[in-house]
Every structure is written in C-alpha cells, then in structure tokens.
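# Descriptive analysis of the structure
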Protein chains: 2
Amino acid sequence: VSPSPESPRLFIPGPTDVDAEVLREMSRAPIGHRGPQIEALIAEVEEGLQALLGTREPVLLFTSAATAVMEAAILNTVGENGVLHLRCGAFGDKWEKISRSLGRSTSSCEVEWGRGFTPELVADELRRGDYDAVCLTHNETSTGVLNPLREIASVVREAGDTLLLVDAVSAMSAVEVDFDDWGVDVLLAGVQKAFALPPGLAVAAVSSRVYERAEKLPNRGTYLDFLSYRRLLLKNQTPSTPSTAHLYALRRQLQRIHEEGRSARARRHQQMGIQTREWTRGRFRMFADEAFASPTVSCIQVPEGFDVADLKQRALQQGFALGSGYGVLKPTTFRIGHMGEHDSDSLEALLSTLDQILDGPKDGG
Amino acid sequence: VSPSPESPRLFIPGPTDVDAEVLREMSRAPIGHRGPQIEALIAEVEEGLQALLGTREPVLLFTSAATAVMEAAILNTVGENGVLHLRCGAFGDKWEKISRSLGRSTSSCEVEWGRGFTPELVADELRRGDYDAVCLTHNETSTGVLNPLREIASVVREAGDTLLLVDAVSAMSAVEVDFDDWGVDVLLAGVQKAFALPPGLAVAAVSSRVYERAEKLPNRGTYLDFLSYRRLLLKNQTPSTPSTAHLYALRRQLQRIHEEGRSARARRHQQMGIQTREWTRGRFRMFADEAFASPTVSCIQVPEGFDVADLKQRALQQGFALGSGYGVLKPTTFRIGHMGEHDSDSLEALLSTLDQILDGPKDGG
C-alpha cells in the first residue's frame, strides 16, 4: 500500500508501522487460555524474548500498556525506603507521578531536558539516601535521549540493595542489552514502539532480586503481582486470559528479529539516528545533547517563528506522519520516530520529502 | 472452515468463536493513540456500549483482562468499611481473594454451588453490616448460575451508600441490563465471552456514585484509576495507549449486536440455555438449580464413574471443544458455553454429535 494522508507511514515515536505478515497474525482465531496450544505459543515467545534481552529469567507478559508495568515495578519493589526517580523528560516525570499515586515516598534527581544521566551523577545521588529502588528511563521518548544503561546498572549494583527499574519503552529490541550480566532488575516495554507490534501487550524482564523483595511487600494486589506472573510462566501460562492475538504477533516478530540478528538490528537503529542527525544539522538543531543521542527517536528543535504544525500537515499530505513535540516542547520541536520496521531507505524517503517541503514554493504564496 | 481437532468450534465458556469479519478488524494497521482518527473510533464504540448497557455514563475501556477491572472496582470504592462478597462459585471466590490481595477487609456470604442469590438473602446480609460495596457475579461461569441482577440491585439501592459491583464477564451482551435504571454501580466484563471478541480488552459501566467515592480514596494508583479513564473518555481518549486492534473489532461487533437487537440477542441466548437443558434432562443432570439457570453456560453433572475426559476428547476429534468442569468440579461435570456467535443450529450440531458419541459403539471395544 502506498502511503497516503489517511494511511501514512508512521514516523511518530510509536505506535510504529507493523509488517504485513505480523499484522495478519493478529487475526488468528482465539484459543483457550489453558492447554497445550497456548503453552507451546508462550514457550516460543519466552525463548525469543530471553535471547533478545539476555536473561534466563522468565520474561513476564502483560496484557496492558507499559504504564501498568511501570506501576507494577513500584508495587513489587518499593516499601518504606521509597524510590529515587531519575528524571530527564516527560516519561521520567510520569513514573514519579505513578509512584506518588501509590502513596510511595519519592525522591528525584532531575537533569535539564535534552541531557541524560552519567553513571557518576547516579552514584552521587545513591550516596545521599537508602532507596528501595531507582527508576530510569532507558530512552526518553519526549527528548530523544538515550541513557547509558550498562554503566548506570554497574553503579546501582554497587549501592547495596537498591533495585534498578528501567522503562525501556522506546529502546527495547533496538538497543542491545544483557539483562542478567548487567544486573538490571526490571526492564519493561510496550510492544508498539521498537518491537513494531500493534499496541496492547507489555513485557518485562525481572530479576530474582525483585521476587525476593516482592515476597516481603504486602498489598501488591492481583493483576500487577509479579510473583503470580512468574509462577504461571514457569508452566508457560499467564494468571489471567492474555491477548492471544498479540502473542501470535509477538512470536512472529521475534522470529523476524532473530533472523535479522539483535546486533544487526541495533546497528540499523544507530545508523538511522546518525542519518537523522546529519540531515538535521543542515537545517535545525537536535534538542538532545550529542552524548546522549537516541537511536530510535530524534527530537528536532526549530527556530523561533517556525510553523511546526504546518510542516507536520504538509508531510502528512505526502503520506508521512511526524511526531509532535511532547507537552511543553510542542511549539518548538517535532520528533521523528525511526524504529521498528524502518530502515535507511524508508527514512531517506521521509527526509527527502521534508527537503522538498522545506525548500519548495510555499502554498498559497 | 469446517471444524477439526486443530481448529474446533469453541463451546468452552470463553474465549468463544469470533465472526470472520470481526476477526479481520484485528489486523488493521495501528493508528496514533491521540488524534481525530482514534477519537472517532472511540466515540462509535462508546455509543454502541452505552446503548447496549442502558447507560448515559461513559463506559470505561481497559486494555487488560477483566481481572484487572475487578481489582479496579475494589480500589476505587472500598475503604474502611470493607466489602461484602456474594459467593456462589469460583469467580465469586476469586473476587474476594482480589480484595484481600489489596489489604481490604472482606466479609462474605456463600451459597451452595449450583444455587444463586435471592434478593431477600442479599437484603438480610446487608442488614448485618455497613459495607462500602457488595460484589456479585452476574453469571457464575463455574456453575452455570445466573443471579437476578435487577432485583438484587433494587435491594442494594435501598441499603444506603453501599455500592453494587458486578462481574458480568459471561453475561454482558447476552443478558439485557439497564444499568442506569437498575442502579448498578460497576458492571464489568472481558470481551472474549458473550461479546465474542478475541481476549485482550475489558469494559466497565461505572455510576457517578463510584466517582464520588473514588475521589475520597487515597492510593488508587494510576492504571486502574477510574477517574482518569472517565476524564480522558470525555475527550474520546484513554489514559494510556489502548489496543486499537480490539477497539476496531469491538466497533464492528457492536454494529452486529445492534443489527441483531439486544432483546433478540438475549432471547437467542435464553433459547440456547433451554435447548441445552432439554438435551441434558434425557442423559445427565444440570448442576445448577433451574431457578438460576444460565443462558450462556451450562454446567452438566455426570454420574459417578463417567469418563468426562474421554467425552471431551471424542468431541474434540469431531471438531467440538467442550469446557472442563471448573476446579473441584472437574471430575464430575463438563460445561457447554453457548454464547456469542452460537445459535440453535450450531448448538444442535454439537448436541447431536454428543448423542452419536454417547450412543455409538465404544472405541476399541
């Protein structure tokens, strides 16, 4: 299908375009949520996710948005010592709001939007308090900032019993991780970003340290209780009826991801980040500090007086959906989501269309 | 497609068979979760759900299993006065466990499995305590019992500020309700039962009394906070990214439901219940008391020594999936789910196949 204003190529920071074959998997007839058919399906999904994330722990499967799993991570790890939120954008802020909505005591360390966290800064912050957990946004979708997860995990591991909870929503599958080796405790994502599936499922790698903690925390509820998810996953089941459509689609997409190879997939995303930043340099300025540049989302700052809404509208007329700036950044930035099924060619098609729009004659002039 | 052991007609008590056209809606390309496209989609879904359930309140849309909404109903209504659970089967028991997992104080009134609740019994129970809420299973899927919701709602409304929370998982769309007129407070369901959609979405009608209560309750969290769902639904949005695939499928299925007519749909289900009970009388015995007979799920008790697993296996070989008995009832019952897309003809095909199996020569004899 050729792109059109009604059915544009999605360069928004999620949901992203879905491969036609993966999309067809969504239409499979439902199967019972107990029994050998679904157990075989879940077993395949688990194998694919464990290889992708570098973990031997079960990767929990939630029929929900990632928001629910951000909440679950707090419910299952944070008690009286409270939680430290590392905030470098709107999604870091959101996680702290979730912790507060659960009545948890929160502290936060904020860096200027457009910058990320160095391991040194995180180490300093951890020396100031004794937290049950620290929350990090791997790739901050609002600003296009990638945080150095491996290095931050290393300093958190040195800080006693503090657990490292990571929102990897717009990074997972596009940025290589070794969950077990790096010592991360929760690594969560919705599947509609770099995974390139339709929204409606979230996944989380969870360390054994988390389960030990959860056992001591009362009133975790039922739907977001990590322990029950693990208990059932060990039988290749889920506690409640899952979205089988999404499990079918995820199985197929994991096959495709492993056919490409996780390193090759990461390189493809890095390359798209570089390509976008090179294009931007001639015209605009990247909102994010180069040291923290994201391989999946570019946040592009426009000069004062530039009409972002007009650019977005003209791109849409050509069949390309761009992302708005997020929240307070809406008037002064736009975003390009270059992830999932996109590659240098599809990105080049977008960028050359933007060139035509920006260099061409103005409408109604 | 003709039924086969690999792809049987589903007569389990959910998930149920999905219409081919509805299933195709699941494969639509994702759209952004903010913007005019999704707002138009949600507006249509809302109109269809409000007409179905007889409410002018927004019907909340959850990307989750119904379990999450059972939990949400407790989180948003139950404070210090605790909750009364009316238990007549496994799903009534489950709801009390959910309340306890949230640290809520619970009381319960249990009737023998196979029986339901009379309004008199509920009125008596409500006189014994001052509860924030009372939880009822509209149609108890484990035993095939339908409770008289309208009459029970009437006695709850007379009992002061106690709110009536109803798990309508295997009843919604198959049993007529007038949510506003009857004075129910939460009426929730997953869509993979009588709605006949793939699992992955849950819906809940919620009264204004619930929102007033929720405003006074702290620590409701984020993903299950009814107030945020209502606030966003008033703009035809959801707080987090929803499963757009399920919204497309639900929109189409609501059109089909209203083409049939909600009363005609209810009569079709009543007729299938009668048909199943008539068939059963000649061979077995219904587990449920006739006064509480369900129009969507029949739980059928077999004589001692009867091999239920063998019957299920033989039916599957003919392309029909029957439901096992639930939990402790597994050795002595089986269940027929007659809901969603099924009608007298498809049910007759199942029942005559069972006749052939039960009357025919035994394998390997």
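Check the entry above for the structure.
Quick look at the structure, then. (Residues numbered from 1 in each chain as written. Chains lettered and ligands numbered in written order. Predicted model: local features only at pLDDT ≥ 70, side-chain atom pairs only at ≥ 80, totals over all residues. Heavy atoms only, no water.)

When chain A is fitted to chain B, the best match, at an RMSD of 0.0 Å, comes from turning it 180 degrees and sliding it 0.0 Å along the axis. With respect to symmetry, the two chain copies, as superposed, fit the operation of a two-fold axis. Take the interface residues of chain A: 100% of them recur as interface residues in chain B, which is what a same-surface contact looks like. (Least-squares fit on C-alpha atoms with pLDDT ≥ 70 in both. Contact = heavy atoms within 4.5 Å.)

The next thing to look at is the interface of chain A and chain B. Listed as interface residues are 43 residues of chain A and, on the opposing side, 43 residues of chain B. At the boundary of chain A with chain B, total buried surface from both sides reaches about 3100 Å², with 62% on carbon and sulfur atoms. At the surface where chain A touches chain B, the tally comes to zero salt bridges. The interface formed by chain A and chain B holds 19 residue pairs in polar contact (both at pLDDT 80 or more) in total. When residues of the side of chain A that touches chain B are traced back to their parent elements, those giving at least two are helix H1 (20-25), helix H3 (66-75), helix H4 (90-101) and helix H10 (244-260) of chain A. Split by residue class, the side of chain A that touches chain B holds 18 nonpolar, 20 polar and five charged. (Buried area = accessible area lost by both parts, 1.4 Å probe. Salt bridge = Lys/Arg side-chain N within 4 Å of Asp/Glu carboxyl O. Polar contact = N/O pair within 3.5 Å; in protein donor to acceptor, adjacent residues only side chain to side chain. Helix = DSSP H or I, 4+ residues; strand = E, 2+ residues; numbered from the N terminus. Nonpolar A, V, L, I, M, F, W, Y, C, P; charged D, E, K, R; others polar.)

A separate point is the nonpolar core. Counting residues in hydrophobic clusters, the biggest one holds 184 residues, and the most contacted among them are A:Leu187, A:Phe195, A:Phe226, A:Leu250, B:Leu187, B:Phe195 and B:Phe226. Other than its neighbours up to four places away in sequence, A:Leu250 contacts A:Val45, A:Leu49, A:Leu61, A:Phe195, A:Leu197, A:Leu201 and A:Val203. (Core = buried A, V, L, I, M, F, W, Y, C linked by side-chain atoms within 4.5 Å. Buried < 20%, exposed > 50% of the residue type's maximum accessible area, 1.4 Å probe, protein only.)

All names here are of chain A. Of all the five residues making up strand E5 (residues 133-137), five are buried; the element is thus mostly covered by neighbouring parts of the structure. Because side chains alternate across E5, one face comprises the buried residues Ala133, Cys135 and Thr137, and the other comprises Val134 and Leu136, equally buried. Relative to E5, strand E3 (residues 83-87) is paired through three bridges, and the arrangement is parallel. Note on E5: the bridge partner recorded for His85 is Cys135. As paired strands, E5 and strand E8 (residues 163-167) are joined by five bridges and run parallel to one another. Across the sheet, residue Leu136 finds its bridge partner in E8, namely Val166. (Pairing = 2+ DSSP bridges.)

Time to look at helix H10 (residues 244-260) of chain B. In a regular helix each residue adds 1.5 Å, so 17 residues correspond to 24 Å; H10(B) covers 25 Å between its end C-alpha atoms and thus fits that length. Counting buried residues in H10(B) gives twelve out of 17 residues, a clear majority hidden from the surface. Restricting attention to buried positions, one finds in H10(B) the residues B:Thr244, B:Ala245, B:His246, B:Leu247, B:Tyr248, B:Ala249, B:Leu250, B:Arg251, B:Arg252, B:Gln253, B:Leu254 and B:Ile257. For H10(B), the secondary structure elements touched by its buried residues are H10 of chain A together with helix H1 (20-25), helix H2 (36-53), strand E2 (59-62), strand E10 (202-206) and helix H11 (262-281) of chain B. (Expected span 1.5 Å × (residues − 1).)

All names here are of chain B. Reading across from one edge, E1-E13-E14-E12-E11 is the order of the five strands in this open sheet, with mixed pairing throughout. At either margin of the open sheet sits one strand with a lone partner, and together these are strand E1 (9-11) and strand E11 (285-286). Note that E11 and strand E12 (residues 297-301) share two bridges and pair antiparallel. Among the inter-strand pairings, Arg285 is bridged to a residue of E12, identified as Gln301. This element, helix H13 (residues 344-359), spans E1, strand E13 (320-324) and strand E14 (333-337) of the sheet and lies at about 80 degrees to E13. (Axes fitted to C-alpha atoms, helices over the stretch in contact; angles between N-to-C directions.)

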